[in-house]
Amino acid sequence: MAIFQFEESTKIGTVFSVDTSTLIVKVEELEKLRKLQVNHLIAIKSSKAGQHLIGIINRITRKVSNEENPVSDDLGLTNFLLTENILKVNLIGTLIDKHGQKENVFKRTLDTVPEIEANCFPIDGENITKFMRTISAKENYDIPLSLGKYSIDENADAYLDGDKLFQRHAVIVGSTGSGKSWCVAKLVEQIAKLPMANSILFDIHGEYSGEDFKSDGIQHLRVANPSDLGKTGNLQNSVLMLPYWLLTYEEMLAMLLDRSDSNAPNQAMLFSKTVFEEKINFLEEIGDTTFKDSITIDSPIPYRMENVLKTIKELDQEMVKGSSGREKQGPFFGKLTRFVQRLEAKSQDKRLGFLFQISDDELDIDWMNDLCDSLMQGSKNNNKKAGLKVIDFSEVPSDVLPLVIGLVARIVFTVQQWTASDKRHPICLLCDEAHLYIPERTSQDSASELGLKNFERIAKEGRKYGVSLTVISQRPAEVNRTVLSQCNNFISLRLSNAEDQSVIKRLLPDNLSGLTDVLPILDIGEALVVGDSSLLPTRILIDEPTIKPQSATIDFWKEWSNDKAQQDIPSAVIGLRKQSKV
């Protein structure tokens, strides 16, 4: 049965003019005009039987009385229209009473445009509840995805299409204090409940790694700090080492090579040759017969960095016999000194210990299998029975953060790429504070540039291999445009910065760009949802999550007024010196 059964008496007006996806509706009664609001929905009778066109009110204009002068501002309307009560309406889709075997189907297409003088009706009261339930994706899933309730009808749960949200990448943005972390927590909470969930949350500040963010289905990992170095069994204790041999040739050079050095080509060439030889030596040591004849310089095969350093040092100090029989400087004598110094400095830097100061565990050929199992196995297959993995990067130095997160993303993507399509299980990367490592601007040939390229590739090609991105940021203006352009779902909480608002506006279709006008006035915890996952662009009140991130806004004045407030500066200084929060 059709959900809309409009009475003629409820009509608010008739179509006055039509322009592709925009209508002007003439409203005869001022009383009915007063009850309407911008961004509310109306239904327009279609020229096809059994159909209604659905539109969003973009502007409401009351006619000018005889005593008033016409407004001087350009409203985009002619003076003639100022003599009528009018609505400017953007068409957003069609509600079909029966489509095949299904009843009340909403499609985001316009098969027809309304006729002049077509009747228009408000969608309110019971009609709005029925309509919101009709467009929700609840019936398509055993366990539907809901973030909260619709702002225009708090009786109706706002369900999103979980497939389309992650298939086509998503963006969650909002100014600091807008409720963005709660929105992420609500999403994570529901992912974690799924029996074969598979997602990784990059936690940059440790706000999702506290005691209040623990639940069934959520596993917490952290990148190793100096106190973990030299220990075995780190991975089993949810501590991640990310050994140097996982880095590609280009990523290693980005960390170690000074491109301005006149000897940089020689240094790069010898490093490449030595590393490749060490990888072959390692495979010979373990008696490998599988990989030896097919590996490349970028193959993730363990090798000992101390052996590489020793070989390069020898070349840097090598003396050879000259034609006269006396010793002379070798071809690379003194040309590798700066490279050796940089390599030694990085290897000895405890802040980078998770990369360079590895144990025998990480030098095992099967260790990478264990790492990928920890990161990429779904809930039922995971040792901890947790498909949502939160990785705490808060102790990783900021200068290598883009490279390290890019490394994790690249490993996930390439493993998915090489997995047989019938065994490929989809995975989502939730990128919190994305502007720090998926930036709009970055220096060429730097480590951050290589990390960014990994995310750009995932944004463009990830869908084919079951890798999804969810970009989370408080500064969308600072997030890479290429990555954002590939995202088809936007969950935007309050954005007060005009530059950030314009980024979201540019990414939306022209007929929906007016929706962004509400971004600076959204309430805390209220979001504008636009994209493939939601049939209708709509405002949602995010429900409070049961798991809480450590992102609550601190009450400065109340804390300053509290004479019993506690501080612990000495412990913080100790943590600073140890480079560890543990």
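What counts and how
- Residues numbered from 1 in each chain as written.
- Predicted model: local features only at pLDDT ≥ 70, side-chain atom pairs only at ≥ 80, totals over all residues.
- Heavy atoms only, no water.
- Core = buried A, V, L, I, M, F, W, Y, C linked by side-chain atoms within 4.5 Å.
- Buried < 20%, exposed > 50% of the residue type's maximum accessible area, 1.4 Å probe, protein only.
- Helix = DSSP H or I, 4+ residues; strand = E, 2+ residues; numbered from the N terminus.
- Contact = heavy atoms within 4.5 Å.
- Salt bridge = Lys/Arg side-chain N within 4 Å of Asp/Glu carboxyl O.
- Pairing = 2+ DSSP bridges.
- Axes fitted to C-alpha atoms, helices over the stretch in contact; angles between N-to-C directions.
- Parallel < 35°, antiparallel > 145°, perpendicular 65-115°, else oblique.
- Nonpolar A, V, L, I, M, F, W, Y, C, P; charged D, E, K, R; others polar.
- Phe/Tyr/Trp six-rings, centres within 6.5 Å; stacked < 30°, edge-to-face > 60°.
- Lys NZ or Arg CZ within 6 Å of the ring centre and 35° of its normal.
- Expected span 1.5 Å × (residues − 1).
- Patch = residues over 30% accessible without salt bridge, like charges linked within 9 Å, V, L, I, M, F, W, Y side chains within 5 Å.
- Areas by Shrake-Rupley, 256 points an atom, 1.4 Å probe, with all protein chains shown as cover.

A. Inspection of the nonpolar core at higher detail. If you look at the biggest cluster of nonpolar residues, it comprises 148 residues, and the most contacted ones within it are L41, I54, F131, F202, F393 and L429. No other element matches helix α11 (residues 401-418), which puts 10 residues into this core. Setting aside residues up to four positions removed in sequence, L429 forms contacts with I200, F202, A409, V412, I458, V467, S468, L469 and T470. Formed by 16 residues, the second largest nonpolar core is a distinct cluster that contains V15, V25, L36 and L53.

B. How the structure looks around the pattern of salt bridges. Inspection of every chain in the model, using the stated rule, returns 23 salt bridges. Among the salt bridges present, the one from E284 reaches K292, with a minimum N-O distance of 2.9 Å. Residue E284 is classed as partly exposed on the basis of its relative accessible area of 43%. Judged by relative accessible area, which is 33%, K292 ranks as partly exposed. K548 is the salt-bridge partner of E544, the closest N and O atoms lying 3.3 Å from each other.

C. Summary view of the pairing of strand β21 (residues 534-542). Pairing analysis gives three bridges linking strand β8 (residues 145-150) to β21, with the strands arranged antiparallel. Bridge assignment links K149 to a residue of β21, and that residue is L541. In the sheet, strand β20 (residues 526-531) pairs with β21 via five bridges, with the strands oriented antiparallel. Residue pairing across strands places E526 opposite L541, the latter belonging to β21.

D. Layout of the packing of helix α10 (residues 367-376) against α11. Axis separation between α10 and α11 bottoms out at 11 Å; the angle between their running directions is 95°. Taken together, the axes of α10 and α11 lie roughly perpendicular to each other. Taking contact as the criterion, the partners of M368, L371, C372, L375 and M376 in α10 are, on α11, V408, I411, V412, V415 and Q416. Counted by class, the contact of α10 with α11 contains nine nonpolar, one polar and no charged residues.

E. Inspection of the sheet that holds strand β10 (residues 170-173) at higher detail. Spatially, the 12 strands line up as an open sheet ordered β9-β8-β21-β20-β19-β10-β18-β17-β11-β16-β12-β13, and their pairing is mixed. Each having just a single partner strand, β9 (153-160) and β13 (239-240) make up the two edges of the open sheet. Where strand β11 (residues 199-203) and strand β17 (residues 427-431) come together, four bridges link them in parallel fashion. Considered in β17, the bridge of F202 is made with C431. Running at roughly 120° to strand β18 (residues 467-473), helix α12 (residues 447-461) makes contact with β11, β17 and β18 of the sheet.

F. Fine view of the packing of aromatic side chains. Under the definition given, this model contains 16 aromatic pairs. Above the ring of W182, the side-chain terminus of K548 is found at 5.9 Å from the ring centroid.

G. Layout of α11. End to end, α11 covers 26 Å across 18 residues, agreeing with the expected 26 Å (1.5 Å per residue, within 8%). Of all 18 residues in α11, 14 are buried, a share of seventy percent or more.

H. Seen up close, the environment of G100. Examined against the element boundaries, G100 turns out to sit in the loop between β5 (85-99) and β6 (102-107). According to the relative accessible area criterion, G100 is exposed, its value standing at 61%. For the pair G100 and E362, spaced 262 residues apart in the sequence, the C-alpha separation amounts to 58 Å.

I. Structural view of the side chain of S238. As for its placement among the helices and strands, S238 is situated in the loop between β12 (218-223) and β13. The exposure class of S238 is buried, given its relative accessible area of 11%. Look past the residues within four positions of S238 in its chain and what remains in contact with it is Q219, H220, L221, R222 and K384.

J. Focus on the side chain of N119. On the secondary structure map, N119 appears in strand β7 (residues 119-122). Sequence-distant contacts of N119, defined by excluding residues within four places in its chain, comprise E8, K11, G13, T14, A43, I44 and K45.

K. Quick look at unusual backbone geometry. Backbone geometry at N39 places phi at a positive 75°, although glycine is not the residue there. With respect to the helices and strands, the residue N39 is situated in the loop between α1 (30-35) and β3 (41-45). Located in the positive-phi region is K385, a residue other than glycine, with phi close to 55°. Given a relative accessible area of 53%, K385 falls into the exposed group.

L. Expanded view of a nonpolar patch on the surface. On the surface, I554, F556, W557 and W560 cluster together to form a nonpolar patch covering roughly 620 Å² of accessible area. Residue placement: W560 occurs in helix α15 (residues 556-561). You can call W560 exposed: its relative accessible area is 64%.

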